[in-house]
Amino acid sequence: DTAVSQTPKYLVTQMGNDKSIKCEQNLGHDTMYWYKQDSKKFLKIMFSYNNKELIINETVPNRFSPKSPDKAHLNLHINSLELGDSAVYFCASSQGAGANQPQHFGDGTRLSIL
Amino acid sequence: RKEVEQDPGPFNVPEGATVAFNCTYSNSASQSFFWYRQDCRKEPKLLMSVYSSGNEDGRFTAQLNRASQYISLLIRDSKLSDSATYLCVVTLDTGRRALTFGSGTRLQVQP
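Residues numbered from 1 in each chain as written. Chains lettered and ligands numbered in written order. Predicted model: local features only at pLDDT ≥ 70, side-chain atom pairs only at ≥ 80, totals over all residues. Heavy atoms only, no water.

A. Broad picture of the nonpolar core. If you look at the biggest cluster of nonpolar residues, it comprises 24 residues, and the most contacted ones within it are B:Phe21, B:Trp35, B:Ile71, B:Leu73, B:Ile75, B:Tyr86 and B:Leu107. Only strand S3 (19–25), strand S4 (32–38), strand S5 (44–50), strand S7 (60–65), strand S8 (70–75), strand S9 (84–91) and strand S11 (105–110) of chain B provide two or more residues apiece to this core. With near-sequence residues (within four places) excluded, B:Ile71 lies in contact with B:Phe21, B:Asn22, B:Cys23, B:Tyr25, B:Phe33, B:Trp35, B:Val50, B:Gln63, B:Leu64, B:Cys88 and B:Val90. Membership of the second largest hydrophobic core comes to 19 residues, among which are A:Phe64, A:Leu81, A:Ala87 and A:Tyr89. (Core = buried A, V, L, I, M, F, W, Y, C linked by side-chain atoms within 4.5 Å. Buried < 20%, exposed > 50% of the residue type's maximum accessible area, 1.4 Å probe, protein only. Helix = DSSP H or I, 4+ residues; strand = E, 2+ residues; numbered from the N terminus. Contact = heavy atoms within 4.5 Å.)

B. Just the sheet that holds strand S6 (residues 55–57) of chain B, in detail. All names here are of chain B. Taken together, the 5 strands give an open sheet; going across it, the order is S1-S3-S8-S7-S6, and neighbouring strands pair in antiparallel fashion. Since the sheet does not close on itself, it has two edges, and those belong to strand S1 (4–6) and S6, each with one partner. For this sheet, the mean angle separating the axes of adjacent strands, direction not counted, is 20 degrees. Two strands pair when backbone bridges link them, and S3 and S8 are joined in this way by 6 bridges, in the antiparallel orientation. The partner of Cys-23 across the bridge, within S8, is Ile-71. (Pairing = 2+ DSSP bridges. Axes fitted to C-alpha atoms, helices over the stretch in contact; angles between N-to-C directions.)

C. A look at the interface of chain A and chain B. Counting residues at the interface gives 28 residues for chain A, matched by 21 residues for chain B. Both faces considered, chain A and chain B share a buried interface measuring about 1900 Å² in area, 54% of it formed by carbon and sulfur atoms. At the junction of chain A and chain B, the tally comes to 0 salt bridges. At the junction of chain A and chain B, the tally comes to 4 residue pairs in polar contact (both at pLDDT 80 or more). (Buried area = accessible area lost by both parts, 1.4 Å probe. Salt bridge = Lys/Arg side-chain N within 4 Å of Asp/Glu carboxyl O. Polar contact = N/O pair within 3.5 Å; in protein donor to acceptor, adjacent residues only side chain to side chain.)

D. Representation of the pattern of salt bridges within the structure. The tally for this structure, following the rule as stated, stands at 7 salt bridges over all chains. Taking the shortest distance from any N to any O, the salt bridge between B:Glu56 and B:Arg76 comes out at 3.5 Å. Taken together, the residues span a long stretch of sequence, with B:Glu56 in strand S6 and B:Arg76 in the loop between S8 and S9 at a distance of 20 residues. Given a relative accessible area of 58%, B:Glu56 falls into the exposed group. With relative accessibility at 27%, the residue B:Arg76 sits in the partly exposed group. Between B:Asp77 and B:Lys79 there is a salt bridge whose closest N-O contact spans 2.9 Å. Residue class for B:Lys79 comes out partly exposed when judged on its relative accessible area of 33%. It is possible to trace a salt-bridge network through shared partners that takes in A:Arg63, A:Glu82 and A:Asp85.

Structure, rendered in structure tokens:
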């Protein structure tokens, strides 16, 4: 059973298109995240939701819009895709009020913009 | 200055060697510390949490020095399967629970 699952695993599309990535976790966690890993392999937080409420919104272009229909799902919609959006996007989840809670990652969505 | 800094490596070591990685963090208010492991084209996975008293899990030992703001990971008796990128991770803000990642240190264990 996959704990954190993302779809699609690979996404190849043209500049200017709009696309969505979906994430679901079956761990019963209350917090979910989106991270971006660029070509230099640097992982950076984009968004975080706790019980469907946005709690972190880093400096990300407003073309990126997260949506959390319930605490088990966090989707990411991207408008007007640009070349610089090419990266691996990881969803993650965690449980607990403390900062010491480890996060469980999905296996990533590899987005390539042509 | 980056919030979390690591030597990118690669560290090329023979099987059976002992290897150590260090990581420094800039924010003295950092709360929690972890080592994650990421295999090529895979997701990061938690290797171990790091506690002030130091902690050990089999061949892996992690230590935290709050005064000097650095974290270390020691791997004894390296195996081929230890080849991966090791990510130093801290949480910077109690209420936010987001992880701040270092850029990772690549380890290649050779036969």
